[in-house]
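Structure at a glance
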Amino acid sequence: MNRRPLALIVDDEPDIRELLTLTLERMEIDCHTATDLIQAREQLASSEYDFCLTDMRLPDGDGTDLVRHIQRHHPDIPVAMITAHGNMEAAVTALKVGAFDFVSKPVDLYVLRNLVATALKLRANGNLPQDRRSRDTLLGDSEAMRQIRNKIAKLARSQAPVYISGDSGSGKELVARLIHEKGPRAEQPFVPVNCGAIPEALMESEFFGHKKGSFTGAHSNKDGLFQAADGGTLFLDEVADLPLHMQVKLLRAIQEKSIRPIGAQTELSVDVRILSATHKNLSELVAQGTFRQDLFYRINVIELHVPSLRERRDDIPQLAEHFLNKISRDMGLEKPTLSDSALQALQQYRFPGNVRELENILERALTLCEENTIQPNDLHLPQSESESTEAQQDKQALDSYLDTQERDAIQKALEETRYNKTAAAKKLGITFRQLRYRLKKLGIE
């Protein structure tokens with residue numbers, strides 16, 4: 001920006017307007033003020049603003065009315081809402097109608113400064129041409145994927161919590177990363193966490209950190225995931241797996257925008273955008289009483305559904321080409337050809353494991369194919385969905401054990417043949433191509 005940023009502050013309380021104006025001017029931001037909706041609309045029509053901050057309650061209406069007006073007539077201006085302390089319903093309503101963020105009274109100046117800085121980054125990036133990152137990373141030209149990419153571009157401009165739903169293996173974390181990378185927090189950390197993988201006893205420490213000596217084994221201060229993601233995005237994968245006591249603590253951290261490490265006497269303000277996901281049906285879990293309704297309401301401000309692979313079969317050829325390029329490059333092997341009959345078999349398969357399963361199938365087929373062409377038999381597609389699910393579970397359970405056994409067998413064959421790979425492959429009863437793949441996969445030099 002060649003000029004100083006210009007903000008519009010809308011509030012009917014003179015003390016609040018003065019506090020906000022002083023805070024923003026210290027950030028080298030010029031300010032105009034308005035006391036009601038009519039003045040605000042007049043100001044918006046006469047000046048070019050980079051940011052708007054409005055109170056929820058105004059003498060002639062509701063702050064959400066101003067958010068809607070800005071969305072219709074000035075969609076490039078980020079607008080944030082000032083809400084009464086604890087009034088999360090108002091904050092969520094504001095986010096749903098298009099506010100990019102909110103701040104509660106009494107206004108925490110640390111939170112406000114972070115919010116304004118993020119808004120200005122958003123404004124500065126708003127006129128840049130859209131890059132191709134979504135299309136190049138989230139592959140597929142189906143209508144479903146075009147809609148997802150459009151939604152990602154819109155959601156990246158907001159700070160609203162997004163709940164990403166979809167089957168296992170459909171690419172929910174990839175979607176979350178793109179929302180982060182295309183938004184104003186792109187240069188800050190993206191911290192993914194699998195909520196189901198953290199032992200319950202360590203969960204509070206992992207999320208909020210702890211102070212030295214706060215419990216047995218706490219030999220030093222430790223930052224938690226919220227501190228690691230400060231300024232950036234925290235992605236809560238499999239959020240449905242959080243126990244109820246942690247759901248309460250997470251809700252408070254999200255609402256108050258602050259945390260208290262175990263053993264700390266004071267709270268720490270944190271500036272984190274929350275994205276969450278699970279393959280489970282959260283609405284059903286709320287009805288069953290295993291997931292808190294207030295937390296669901298808070299993280300599900302906007303829902304983004306990622307379609308399963310069987311809902312976008314037309315994307316399978318492009319995805320298959322991408323994975324074969326990637327796998328062969330990673331393994332140092334020549335890229336094989338996917339026969340028409342093999343491609344047809346893939347397009348007829350239901351893929352209960354979605355995109356992740358497609359990648360696994362092609363990785364296996366690449367090592368089994370003859371004459372560098374993948375045929376239907378090389379795919380080893382399960383005959384039923386239940387068989388596929390069982391196969392995936394078996395694969396996960398046995399991977400570590402089989403890798404150890406394979407490594408030992410290959411090492412022994414190499415030693416017995418004085419590291420002649422052709423002879424070692426023959427001794428093992430596999431092709432030279434398969435041996436090269438396994439050497440690369442297992443990290444054997």
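This text gives an overview of the structure that appears in the document. Remember, it's a predicted structure, so these values are computed and weren't measured experimentally.

Rules used in this analysis
- Residues numbered from 1 in each chain as written.
- Predicted model: local features only at pLDDT ≥ 70, side-chain atom pairs only at ≥ 80, totals over all residues.
- Heavy atoms only, no water.
- 1 Å grid on protein atoms, 1.4 Å probe; cavity = no way out; pocket = protein on both sides within 12 Å on 5 of 7 lines; lining within 4 Å.
- Points joined across faces, edges and corners; volume = space filled by probe spheres on them.
- Helix = DSSP H or I, 4+ residues; strand = E, 2+ residues; numbered from the N terminus.
- Nonpolar A, V, L, I, M, F, W, Y, C, P; charged D, E, K, R; others polar.
- Phe/Tyr/Trp six-rings, centres within 6.5 Å; stacked < 30°, edge-to-face > 60°.
- Lys NZ or Arg CZ within 6 Å of the ring centre and 35° of its normal.
- Core = buried A, V, L, I, M, F, W, Y, C linked by side-chain atoms within 4.5 Å.
- Buried < 20%, exposed > 50% of the residue type's maximum accessible area, 1.4 Å probe, protein only.
- Contact = heavy atoms within 4.5 Å.
- Expected span 1.5 Å × (residues − 1).
- Arc of directions from axis to C-beta.
- Pairing = 2+ DSSP bridges.
- Axes fitted to C-alpha atoms, helices over the stretch in contact; angles between N-to-C directions.

What follows is about the layout of surface pockets. Of the voids in this model, the second largest pocket is the one considered here, and its volume is about 530 Å³. Taken together, 22 residues make up the lining of the second largest pocket; nearest its centre are Gly169, Ser170, Gly171, Lys172 and Arg356. Listing elements by their share of the lining of the second largest pocket, those giving two or more residues are helix H8 (172–181), helix H14 (316–331) and helix H16 (354–368). No other element matches H14, which puts 4 residues into the lining of the second largest pocket. Partitioned by chemical class, the residues of the lining of the second largest pocket number 6 nonpolar, 8 polar and 8 charged.

It is worth spelling out the packing of aromatic side chains at this point. When we look at a pair of aromatic rings, we describe it by the centre distance and by the angle of the planes. Counted according to the given criterion, the structure contains 6 aromatic pairs. Summarising the aromatic geometry, the rings of Phe190 and Phe235 are spaced 6.1 Å apart at their centres and angled 20 degrees between planes, so their arrangement reads as stacked. With Phe190 in strand E9 (residues 190–194) and Phe235 in strand E10 (residues 233–237), this residue pair connects regions lying 45 residues apart in the sequence. One cation-aromatic arrangement involves Lys257 over Phe102; the distance from NZ or CZ to the ring centre is 4.3 Å.

Okay, the nonpolar core next. Formed by 32 residues in total, the largest nonpolar core has its most connected members in Phe207, Phe226, Leu234, Leu236, Leu242, Leu282 and Phe291. Taken together, the elements giving at least two residues each to this core come down to E9, helix H9 (203–208), helix H10 (225–228), E10, helix H11 (244–256), helix H12 (282–288) and helix H13 (293–299). The greatest single-element share of this core, amounting to 5 residues, is contributed by H11. Those residues in contact with Phe226, other than ones at most four positions away along the chain, are Phe207, Phe208, Leu234, Leu250, Ala253, Ile259, Val270, Val272 and Ile274.

Relative to the elements of secondary structure, Met331 occurs in helix H14. Using a relative accessible area of 13% as the deciding quantity, one classes Met331 as buried.

A few words now on empty space enclosed by the protein. As enumerated under the stated definition, the model contains 2 cavities of 30 Å³ or more in all. Volume-wise, the largest cavity comes out at about 260 Å³. What lines the largest cavity is a set of 21 residues, and nearest its centre among them are Asp101, Ile254, Lys257, Val272 and Arg273. Contributing elements (two or more residues each) for the lining of the largest cavity: strand E7 (101–104), helix H5 (109–126), H11 and strand E13 (273–278). Of the residues forming the lining of the largest cavity, the biggest block, 4 residues, is contributed by H5. Here the residues of the lining of the largest cavity sort into 13 nonpolar, 2 polar and 6 charged. Of the voids in this model, the second largest cavity is the one considered here, and its volume is about 40 Å³. Lining the second largest cavity are Ala156, Ser158, Gln159, Ile179, His180, Gly183, Pro184, Arg185, Thr233 and Arg273. When grouped by side-chain class, the residues that make up the lining of the second largest cavity number 3 nonpolar, 5 polar and 2 charged.

Once that is clear, we can look at H11. Across its 13 residues, H11 extends 19 Å between first and last C-alpha, which sits within 8% of the 18 Å expected from 1.5 Å per residue. Those residues of H11 that fall on the buried side of the exposure criterion are Met246, Gln247, Leu250, Leu251, Ala253 and Ile254. Taken around the axis of H11, the buried residues stretch over an arc of 165 degrees, which confines them to a single face. Its buried side turned inward, H11 meets H9, H10, E10, strand E11 (258–259), E13 and H13. Lys257 sits one or two residues past H11 and shows a positive phi near 55 degrees.

With that out of the way, let us pick up the sheet that holds E10. Sheet strands pair via backbone hydrogen bonds, and the direction of the pair is either parallel or antiparallel. If you trace the 5 strands from one edge of the open sheet to the other, you get E9-E10-E13-E8-E14, paired in parallel fashion. The strands lining the two open edges of the sheet, one partner per strand, are E9 and strand E14 (302–305). On average, each strand axis in the sheet is inclined to that of its neighbour by 20 degrees, with strand direction left out of account. Note that E10 and E13 share 5 bridges and pair parallel. The residue bridging Leu236 from the neighbouring strand is Ser276, located in E13.

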